[in-house]
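A structural walkthrough
One-letter residues, chain by chain:
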Amino acid sequence: MRPETFIEGQPWPYRVEFLETMLPDGTIARGFDVGTLNAHHGPFMNFCGAVSRVDERSDGAERDLEYSYGAYAIAFRLIRPHLLRISVDAVDDGRCRVTAHVGSYVRRGWGGLWTTAQRCFWPGFGRSLRRGVPKA
């Protein structure tokens, strides 16, 4: 639940940005606060949106990032992500399990390719995170 860990663990050539956002009540949203603008970008993708929900509990946390209309993967007209839900559950001291769910609108005929791409991407992403985040 620390943006620094998330940013440092991004595999090249992908990046993530957290943009401080002034909310209507005059407060500033930053990091994983509700309202913070966020962008995941890299080759063939721009997943931009805002943190819309953060639920912290004693054994973990869950957060939602709702992607904006301009978000896309591969090409603007093919795959339009609309939600990233990340759940973090404590396993034992110093370890946690992270589960990511990406909700997407996919053009007819591209669903199989998108599903296969997700099955290939996420295991490699997990390995990159384990290499990129220093052990405590």
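Computed from a predicted structure; not experimentally measured.

On to the overall build of the protein. Looking only at helices and strands, one finds 2 helices and 9 strands in the protein. For the protein, the α and β elements follow one another from N to C terminus as α-β-β-β-β-β-β-β-β-β-α. In terms of overall dimensions, the protein is globule-like: its C-alpha atoms have a radius of gyration of 15 Å, near the 14 Å expected for 136 residues. Dimensions along the principal axes, computed over C-alpha positions, put the protein at roughly 45 × 40 × 25 Å. In the protein, which comprises 136 residues, the share counted as buried stands at 32%. Only carbon and sulfur atoms are counted for the fraction: they give 56% of the accessible area of the protein, which is about 8,900 Å².

What follows deals with the packing of aromatic side chains. Across all of its chains, the model carries 5 aromatic pairs by this definition. When the ring of Tyr14 is compared with that of Phe121, the centres are 6.2 Å apart and the planes differ by 80°; the resulting orientation is edge-to-face. Of this pair, Tyr14 sits in the loop between α1 (3-8) and β1 (15-19) while Phe121 sits in helix α2 (residues 111-132), placing them 107 residues apart in sequence. By relative accessible area, Tyr14 is classed as partly exposed at 23%. Ring centres 5.2 Å apart and planes at 65° place the aromatic pair Phe47 and Tyr67 in the edge-to-face group. Within this pair, whereas Phe47 is found in strand β5 (residues 45-57), its partner Tyr67 is found in strand β6 (residues 60-67), the two being separated by 20 residues in sequence. We note that Phe47, like Tyr67, is buried. Of the aromatic side chains, those joined through ring pairs into one cluster are Tyr14, Phe121 and Trp122. Sitting above the plane of the Phe32 ring, Arg63 keeps its charged end 3.6 Å from the centroid. Positioned above the aromatic ring of Tyr69 is the side chain of Arg80, whose terminal nitrogen or guanidinium carbon lies 4.6 Å from the ring centre.

What the rule picks out here adds up to 8 salt bridges. Among the salt bridges present, the one from Glu62 reaches Arg53, with a minimum N-O distance of 2.4 Å. A salt bridge links Arg57 to Asp59; its shortest N-O distance comes to 3.0 Å. The class for Asp59 is partly exposed, based on a relative accessible area of 41%.

It is worth spelling out the nonpolar core at this point. Residues Phe6, Phe47 and Tyr67 are the most contacted members of the largest nonpolar core, which totals 17 residues. Of all the secondary-structure elements, those providing two or more residues to this core are β1, β5, β6 and β8 (79-92).

As a further point, take empty space enclosed by the protein. Across all of its chains, the model carries 1 cavity of 30 Å³ or more by this definition. Put simply, the largest cavity is a space of about 90 Å³. What lines the largest cavity is simply Phe6, Phe18, Phe32, Asn38, His40, Val51, Arg63, Asp64, Leu65, Leu84 and Ile86. For the lining of the largest cavity, the elements supplying multiple residues, two or more each, are β4 (37-42), β6 and β8. Here the lining of the largest cavity is built from residues that sort into 7 nonpolar, 2 polar and 2 charged.

Rules of the game
Residues numbered from 1 in each chain as written. Predicted model: local features only at pLDDT ≥ 70, side-chain atom pairs only at ≥ 80, totals over all residues. Heavy atoms only, no water. Helix = DSSP H or I, 4+ residues; strand = E, 2+ residues; numbered from the N terminus. Rg over C-alpha atoms; globule rule 2.2 N^0.38 Å. Buried < 20%, exposed > 50% of the residue type's maximum accessible area, 1.4 Å probe, protein only. Areas by Shrake-Rupley, 256 points an atom, 1.4 Å probe, with all protein chains shown as cover. Phe/Tyr/Trp six-rings, centres within 6.5 Å; stacked < 30°, edge-to-face > 60°. Lys NZ or Arg CZ within 6 Å of the ring centre and 35° of its normal. Salt bridge = Lys/Arg side-chain N within 4 Å of Asp/Glu carboxyl O. Core = buried A, V, L, I, M, F, W, Y, C linked by side-chain atoms within 4.5 Å. 1 Å grid on protein atoms, 1.4 Å probe; cavity = no way out; pocket = protein on both sides within 12 Å on 5 of 7 lines; lining within 4 Å. Points joined across faces, edges and corners; volume = space filled by probe spheres on them. Nonpolar A, V, L, I, M, F, W, Y, C, P; charged D, E, K, R; others polar.

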